Amino acid sequence: MNAEQASGHERPGLVTRALVRGLAWDVGLPLAAYYVLHLAGATDWAALLAAAGAAGCRLLWTAFKGHSLNPFAMLMVIVFGLGLGLSFLTGDPRFLLLKDSAITGGLGVSFLVLAALGHPLTLDAAKTWSPERAGEMDREFHSSAAVHRWHLKISAIWGAGLIAEASARAVLVYLLPIDVMVGVSAALAVTVFAALITWTVWDRKRRRAAWSSSGNG
């Protein structure tokens, strides 16, 4: 087993769990706050404020725990904060639904841009959930080409998936009635987010199995 295989096979499941939990807290918590309030009949302003607050609490918690700012949580604060600002521009309900696309689309673009710059957000998500292994994860990312490629690939898939979700919503906003689209918008976000997490877990397990098989061979 070479260094790349050893790095990818070391402590099976820990990186996957850290990554999934980090993404669930950093992305899932503010999105859940937003859509739960939306479906409960709260105003768009209140839902966005709750989402930005949830992301802000996550940012403060990780800063207190790890003594450093969480780039992922900070991005969510900025994204929902911008959405909050846009909510004051117009009362058009279709525009408000399109703003949901701007939020997830902006997040997707961030995944792609930062991956292209060599700083995948998935690495940040994993490190914030397991701060005691942050240094080790950084070393693995920079020393193992396999780990490096995997994080960049996962970040690219998340970026493409979120942009596709945003694009689909933008089209459906003008095809469906507003009252129907509110529920569809929430269901679309939950479905895509769950699918991305499921795919991430499956791909990590498949990659570990391939590294292990190659090492044993």
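Refer to the structure presented above.
Residues numbered from 1 in each chain as written. Predicted model: local features only at pLDDT ≥ 70, side-chain atom pairs only at ≥ 80, totals over all residues. Heavy atoms only, no water.

## Comments concerning the overall build of the chain
Rule in force here: Secondary structure is summarised from DSSP: a helix means a run of H or I of at least four residues, a strand means a run of E of at least two, and numbering begins at the N terminus for each. Using a 1.4 Å probe on the protein chains alone, a residue whose accessible area is under 20% of its type maximum counts as buried, one over 50% counts as exposed, and one in between counts as partly exposed. In this description, contact between two residues means that some pair of their heavy atoms is separated by no more than 4.5 Å. Only the protein chains shown count as covering a residue, and every accessible area follows the Shrake-Rupley method with a 1.4 Å probe.
Within the chain, the regular secondary structure consists of 9 helices and 0 strands. Each helix and strand of the chain, placed in order from N terminus to C terminus, yields the pattern α-α-α-α-α-α-α-α-α. Classification of the 217 residues of the chain by burial places 46% in the buried group. Intrachain contacts of the chain at a sequence separation of at least 6 include 75% that bridge at least 24 residues. Accessible surface for the chain amounts to roughly 10000 Å². Of this, 70% is attributable to carbon and sulfur atoms.

## Focus on a nonpolar patch on the surface
Threshold: The residues that make up patches have over 30% relative accessible area and no salt bridge, and they are joined within 9 Å when like-charged or within 5 Å when they are Val, Leu, Ile, Met, Phe, Trp or Tyr. Within this document, salt bridges are pairs made up of a side-chain nitrogen of Lys or Arg and a carboxyl oxygen of Asp or Glu, the two lying within 4 Å of each other.
On the surface, a cluster of nonpolar side chains totalling about 270 Å² of accessible area is made up of Met74, Ile78 and Leu82. Note that Ile78 resides in helix α4 (residues 71-86).

## Comments concerning the pattern of salt bridges
For the coordinates displayed, the defined rule picks out 2 salt bridges. Its salt-bridge partner being Asp203, residue Lys153 comes within 3.0 Å of it at the nearest N-O pair. In this pair, Lys153 sits in helix α8 (residues 145-172) while Asp203 sits in helix α9 (residues 178-216), placing the two residues 50 residues apart along the sequence. With a relative accessible area of 28%, Lys153 lands in the partly exposed category. Overall, the relative accessible area of 1% leaves Asp203 in the buried class.

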